[in-house]
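# Remarks on the overall topology
Spelled out, the chains give:
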Amino acid sequence: MALRPDLAIIADNVVAGSRVLDVGCGDGALMAVLRDRKSVDARGIEIDGRDVTSALERGLSVVQGDADTDLAGYPDASFDYAVLSQTLQTTRRPDLVIDELLRIGDRAFVSFPNFAQWRIRLALMFGGRMPITKQLPARWYDTPNIHHVTIDDFRGFLEERGVQVEQQWFLRDDRAISRRAANIFAEHAVFLLSRQAAS
């Protein structure tokens, strides 16, 4: 089964045999690949009951829960990685969710759509309306996205909070592109994060 490109990057960079918590895991596609290809102990939390059922039918360990409220019950450093893929922009308090990811996991993968990508900029500038694209197919009133983050916004946020960027990847038309001008050209971003060591 082919993974969505951001999930494929995450799967390629998770160390075999790791413990992974996938927050907003959907139907468990990433978890299944990690379990089957890398012998990962993968657990998931998902808000949508239908996706939870699909993941359970795959034999995955998934609970129904909300990233905004239900991460507090996980012990500190209980996972090698926490994953938040295409979910950050849907949370009420992304800042607190990132804090929780880095408390629960030694490292965190975060992927999100880049709202500063040039097609979105042009649609707003010349169309004067919130854009509908392949990456952002919902209309302004029925979108799950409540925080429109850009790559540069996210980098600034991480710097302010003392979060270390270990690796970063940028995608356009599902292909990797260079870091240069990613804020303009990338449709999606994937970051691997960790806490900076206390000095």
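Residues numbered from 1 in each chain as written. Predicted model: local features only at pLDDT ≥ 70, side-chain atom pairs only at ≥ 80, totals over all residues. Heavy atoms only, no water.

## Considerations on the side chain of aspartate 22
Mapped onto the elements of the fold, aspartate 22 is located in strand β1 (residues 19–23). Although aspartate 22 lies buried, it forms no salt bridge, and the closest oppositely charged side chain, arginine 4, sits 7.7 Å away as judged by the N-O distance. Filtering out sequence-adjacent residues up to four positions away, aspartate 22 remains in contact with Leu30, Met31, Arg43, Gly44, Ile45, Val83 and Ser85. (Helix = DSSP H or I, 4+ residues; strand = E, 2+ residues; numbered from the N terminus. Buried < 20%, exposed > 50% of the residue type's maximum accessible area, 1.4 Å probe, protein only. Lys, Arg positive; Asp, Glu negative; His and termini not counted. Salt bridge = Lys/Arg side-chain N within 4 Å of Asp/Glu carboxyl O. Contact = heavy atoms within 4.5 Å.)

## Digging into the packing of aromatic side chains
Per the stated rule, a full pass over the model turns up 8 aromatic pairs. Within the aromatic cluster, the residues linked to one another by ring pairs are Phe112, Phe154, Phe157, Phe170 and Phe191. (Phe/Tyr/Trp six-rings, centres within 6.5 Å; stacked < 30°, edge-to-face > 60°.)

## Some details on the nonpolar core
Where a protein is soluble and globular, its nonpolar side chains tend to be buried together. Among the nonpolar cores identified, the biggest contains 30 residues, and Leu71, Leu101, Phe112, Phe154 and Phe191 are the most heavily contacted of them. Elements with a contribution of two residues or more to this core: β1, β4 (79–85), α4 (94–104), β5 (105–113), α6 (151–160), β6 (163–172) and β8 (188–195). When residues in this core are grouped by element, the largest group, 5 residues, is from α4. Apart from residues lying up to four places away in sequence, phenylalanine 112 is in contact with Gln86, Leu88, Gln89, Val149, Thr150, Ile151, Phe154, Glu187, His188, Ala189 and Phe191. Judged by nonpolar contacts, the second largest core, of 27 residues, contains Ala42, Trp169, Leu171 and Leu192. (Core = buried A, V, L, I, M, F, W, Y, C linked by side-chain atoms within 4.5 Å.)

## A word on the sheet that holds β1
Read across the open sheet, the 8 strands follow the order β3-β2-β1-β4-β5-β8-β6-β7; overall the sheet is mixed. Both outer strands of the open sheet, β3 (61–64) and β7 (175–177), are each paired with one neighbouring strand and no more. Each strand of the sheet is rotated relative to its neighbour by a mean of 20°, with strand direction disregarded. Pairing of β6 with β7 involves 3 bridges; the strand directions are antiparallel. Residue pairing in the sheet places leucine 171 in a bridge with alanine 176 of β7. Across the sheet, helix α1 (residues 5–13) lies against β4, β5, β6 and β8, angled at about 135° from β6, the strand it touches most. (Pairing = 2+ DSSP bridges. Axes fitted to C-alpha atoms, helices over the stretch in contact; angles between N-to-C directions.)

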